[in-house]
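# Structural description and commentary
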Amino acid sequence: MKKKTGKRKDKRVVKLPNVAVDGPSGAGKSTVAKLAAARLGLIYVDTGALYRTVGLYMLENGVDPDDAEAVGAALPDVRISLTFEDGRQILSLGGEEVGDRIRTEDASRYASAVSKIPAVRAFLLEEQQKLVRQGGIIMDGRDIGTVIMPDADVKIYYTAAASTRAERRYKEQREKGIEITYEEVLAAIEARDKQDSEREIAPLRPADDAVIFESDDYTIEECVERVCAIIRERTNGRV
Ligand code: DC
């Protein structure tokens, strides 16, 4: 048999990597993941916003977020659309952009409550996996490396001590003129950590193959640099 000796063109398409970033609330992972995504040419996906949008629907429609049955019954009416414009994630509910309506204290509480409901997690699964299939994303959440992208190219568990997170949050709240004590902020953070990590479904925990990144001692810029370095190192220069 004649041996082919001609140079063959390599037609393989280099697929952009997917990066999972998980961790507790208030560690600054969204800020850092967003900046790292822009620097590396990846798309930043905030999955917490999806849970917040489902929570917002329940809030605006008088559905008790702790009543799993009522929330499940309302889900078929929740029309969420997730699009990207210049790399910015846009979420709409019933055709209307949610904007900052998902960032209020009430919306946070509702998001946390509905995220414990299996039907809600199943409802949001396909939306997230569609993005995973496209590739080239940095997806931030709680169960990304463990449930949504178990095959992610890079997994980072981005964290900070509860006291560090409470100090930052306390400062932010005071700057906004909100009357609150440091102890109250810390107690709320510890309660949320407990709820997120002890829930039965998709609890917050690092994937076995995640790089643990403790952000306590670094500035935001240093965190971005270190996160980018972890991603570059683990993707052999694909980004
Ligand atoms: O990241 P965040 O604070 O915007 O998330 C809002 C809520 O959604 C939070 O209580 C945890 C939950 N969440 C989740 O259960 N799974 C995710 N992948 C992302 C967020």
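Residues numbered from 1 in each chain as written. Predicted model: local features only at pLDDT ≥ 70, side-chain atom pairs only at ≥ 80, totals over all residues. Heavy atoms only, no water.

## Some words on the sheet that holds strand β1 (residues 19-22)
This is how the line gets drawn: Two strands make a pair as long as DSSP finds a minimum of two bridges between them. Under the scheme used here, helices are H or I runs from DSSP no shorter than 4 residues and strands are E runs no shorter than 2 residues, and both carry numbers assigned from the N terminus. Every angle, taken between N-to-C directions, lies between 0 and 180 degrees, and every axis is a line fitted to C-alpha atoms, over only the stretch in contact when it is a helix.
Read from one edge to the other, the open sheet built from five strands follows the order β2-β6-β1-β7-β8, with strand pairing classed as parallel. This sheet does not close on itself; its edge strands, each paired only once, are β2 (43-46) and β8 (211-214). The sheet shows a mean angle of 20° between the axes of neighbouring strands, taken without regard to direction. Of the pairings in the sheet, the one linking strand β7 (residues 154-159) to β8 comprises four bridges and is parallel in character. Each residue of the ladder has a partner; that of Y158, found in β8, is F213.

## Here's the deal with empty space enclosed by the protein
The cut-off we apply is this: Here the term cavity refers to a set of points on a 1 Å grid, laid over the protein atoms alone, in which a 1.4 Å probe fits but cannot get out; the term pocket refers to an open set having protein on both sides within 12 Å along at least five of seven lines, with lining residues being those that place an atom within 4 Å of a point. Grid points are joined across faces, edges and corners, and a volume is the space filled by probe spheres set on the points.
In the structure shown here, the tally under the stated rule is one cavity of 30 Å³ or more. In this model, the largest cavity occupies a volume close to 40 Å³. Looking at the lining of the largest cavity, the elements with two or more residues in it are β1 and β7. For the lining of the largest cavity, the element with the most residues is β7, which contributes three residues.

## Description of the pattern of salt bridges
Going by this rule: Throughout this description, the term salt bridge denotes a Lys or Arg side-chain nitrogen within 4 Å of a carboxyl oxygen of Asp or Glu.
One pass over the full model with this rule turns up 15 salt bridges. Overlapping salt bridges, with partners in common, bring together E105, R169 and E172 in one network.

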